[in-house]
Amino acid sequence: MRVTVDRERCSGHVRCAALAPEVYQLDEEGYAIADAQFVPAERQRAAERGALACPEQAIALTP
Amino acid sequence: MSVDPSVETGAGTPPSIEFDHYTPEYRDNWREISDTNLSKCPVAHSSTYGGFWLVSDYASVSRVIRDDATFTSTHNMEDPEDPRQGIVIPPNPMLQVPMEFDPPLYNVYRRMLNPYFSPTAARALEPFVRQAVDAFLDKVCATGRMDFVLDLGNPVPALATMKLAGLPLDDWQTFAEPMHGIVSNPAGGPEYLRCMNALQQLGGALGALVPRLRDEEADGLLSGLAKATVNGERLSDGEIVLIALLVMQGGVDTTTALLSNTLWWLQDHPEQRQRLIDDPSLMEHATEEFLRIFTPVPALARTATEDVVLGGQRMRAGDRVLMSFAAANRDPEVFDDPAEAKLDRFPNPHTSFGLGIHRCIGSNYARSWFQIMLRGVLDRMPDYTIDRSAARRNDSIGIINGFVNMPATFTPSEPRGVELPA
């Protein structure tokens, strides 16, 4: 699984990183960074919960 | 499926309501009023305050708040005839910098401010906030009585906001009082204007600090702003003061309102109070749910920049638009059983910090301060009882849905010997 955060949509709610800090890294302003970042199998559920938590629907998960 | 053509084009007469978010009626019945608007007229025209559109449903609120080109935040202070009058209805007499800016200028300010409000910055302030909570609770714990607003909910965010701004901490009461007055009274009324006047005087005091901070090294936002540049130019003293005042207005009383509403609710739901005491891991989701069901900032405004159809209603360029976050947070299209507080609700895409690029810059601090204060109360006075006959809600919830004061009693305990942070 890969995860991409749409930097145009991300508004820094930090809900993804609060739930899944092992998947979602933040820049120094508090916005999530992920560009087709690989997610190992044991972190996929955390990645999905982080994506679901985003109120901007800015997170895309792809196979 | 047949589609009513008027839904697409906005033809016909719009639903007309008399909506006034500053009345006691709204304060006492905002849930019922929101639910009625959601089901009967999610986008309706109100004749109050010179006329505006009230937007209640989640889809329309999120459309308005994300489309900054069509729905501007701009506030033209020079020309009251310009329909663009910012994010409050009726307009705030003071420009809110940079909330009342649009891109691209807005983004420049936001990027300059963001590092002071990041999760890292919020985490760094936590030891200070914990100490402040312990010190304020130390003052009252042996007496068995306290006021959740005046002894905790107001002082802690005020002190923490002054710390992050880099202001002298001994002045916190001077700042906290008018901030509280501005949000608990109707905009434009005499009390509001008195507090606004007090704030402008405080602005003068802040402005006097700026020249020294232009070169001198110091901690905090004010010092950072004094040295920052926007598009290659330094910020003026006036702009720095406006930004600092907005930060204080955001930091003081919003988190207070979330805490007081939560403590009130937990008194009605002792089993949920016990759940929160027993299971600290619940705090994360519970915080979002308290934000959703209490919506401390119930509504903010925009101005349409062009003709647009929203929720089947045709808006004209220059129309004012009020987004009801309080109603959107109760939209059954998005939230199952929206009237019910579920402390483990997930997902919970509430609108209480707004959405899009103007998202509340203080949200990382707000969550952190709220949780530390709530944890402090649940640890040290878990059996509290609010004196409901003596507690007073804000006269108006048009700006903030909170309490003026909230006296409570509890089983006394020994102080922990913690001093206020210096």
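Residues numbered from 1 in each chain as written. Chains lettered and ligands numbered in written order. Predicted model: local features only at pLDDT ≥ 70, side-chain atom pairs only at ≥ 80, totals over all residues.

Let's shift gears to the overall build of chain A. If you tally the helices and strands in chain A, you get two helices and five strands. The dimensions of chain A, computed from C-alpha atoms along their principal axes, are 30 × 20 × 20 Å. When the 63 residues of chain A are sorted by exposure, 41% land in the buried category. Within chain A, counting contacts between residues at least 6 apart in sequence, those at least 24 apart form 65% of the total. (Helix = DSSP H or I, 4+ residues; strand = E, 2+ residues; numbered from the N terminus. Buried ≥ 20, exposed ≤ 12 C-beta atoms within 10 Å, placed from the backbone. Contact = placed C-beta atoms within 7 Å.)

Residues and elements named next belong to chain A. As summarised here, the arrangement of the three strands in space is β4-β1-β5, forming an open sheet in which the pairing is antiparallel. Sheet topology places β4 (37-38) and β5 (59-62) at the edges, where each strand pairs with a single neighbour. In the sheet, strand β1 (residues 2-5) pairs with β5 via four bridges, with the strands oriented antiparallel. When the sheet's bridge partners are listed, valine 5 is paired in β5 with isoleucine 59. With respect to the sheet, helix α2 (residues 44-53) is in contact with β1 and β5, its orientation differing from that of β5 by roughly 145 degrees. (Pairing = 2+ DSSP bridges. Axes fitted to C-alpha atoms, helices over the stretch in contact; angles between N-to-C directions.)

Residues and elements named next belong to chain B. Averaged over all residues, the pLDDT of chain B equals 93, while 96% of them reach at least 70. A low-confidence stretch, residues 1-6 (pLDDT under 50), is modelled with four contacts involving residues beyond four sequence positions or located in other chains. Among the scores for the predicted complex, ipTM is 0.96 and pTM is 0.95. (pLDDT = per-residue confidence, 0-100.)

Time to look at the nonpolar core. B:Val156, B:Ala244, B:Val321, B:Leu322 and B:Met323 are the most contacted members of the largest nonpolar core, which totals 114 residues. Considering every element that reaches this core, the biggest residue donor is helix α11 (residues 237-251) of chain B, with nine residues. If we ignore the near neighbours within four places in the chain, the residues touching B:Val156 are B:Val129, B:Ala132, B:Val133, B:Phe136, B:Trp369 and B:Met373. Ranked by size, the runner-up nonpolar core spans 18 residues in total, among them A:Leu19, A:Val23, A:Ala47 and A:Ile59. (Core = buried A, V, L, I, M, F, W, Y, C linked by C-beta atoms within 7 Å.)

The next thing to look at is helix α2 (residues 24-40) of chain B. Residue and element names in this part refer to chain B. If you check α2, its first and last C-alpha atoms are 22 Å apart, about what 17 residues at 1.5 Å a residue would give, namely 24 Å. Of all the bends in α2, the greatest measures close to 85 degrees and is centred on tryptophan 30. Within α2 the residues assigned to the buried category are Trp30, Ile33, Ser34, Asn37 and Leu38. (Expected span 1.5 Å × (residues − 1). Bend = angle between axes of the 7 residues up to and from the residue.)

Before going further, it helps to spend a moment on the sheet that holds strand β12 (residues 385-386) of chain B. All names here are of chain B. The strand order β5-β15-β12 describes an open sheet built from three strands, whose pairing is antiparallel. Of all the strands in the sheet, just β5 (145-147) and β12 have a single pairing partner and so form its edges. For β5 and strand β15 (residues 407-409), the ladder comprises three bridges, and the chain directions are antiparallel. Residue aspartate 147 lies in a different strand from β15, and its bridge partner there is proline 407.

Turning our attention to the pairing of strand β8 (residues 299-304) of chain B. Residues and elements named next belong to chain B. In terms of burial, β8 is largely enclosed, as six of its six residues are buried. Of the two faces of β8, the one holding Ala299, Ala301 and Thr303 and the one holding Leu300, Arg302 and Ala304 are both buried throughout. Pairing between strand β4 (residues 71-72) and β8: two bridges, direction antiparallel. Each residue of the ladder has a partner; that of phenylalanine 71, found in β8, is alanine 304.

All names here are of chain B. Across the interface, helix α5 (residues 119-140) lies against helix α7 (residues 155-165) with an axial gap of 10 Å and an inter-helix angle of 145 degrees. α7 is crossed by α5, and the crossing has right-handed handedness. Of the residues in α7, those touching α5 at Leu125, Phe128, Val129, Ala132, Val133 and Phe136 are Pro155, Val156, Leu159, Ala160, Lys163 and Leu164. Along the lines of polarity and charge, the residues of the contact of α5 with α7 split into 11 nonpolar, no polar and one charged. (Left-handed = near helix turned anticlockwise from the far one by under 90°. Nonpolar A, V, L, I, M, F, W, Y, C, P; charged D, E, K, R; others polar.)

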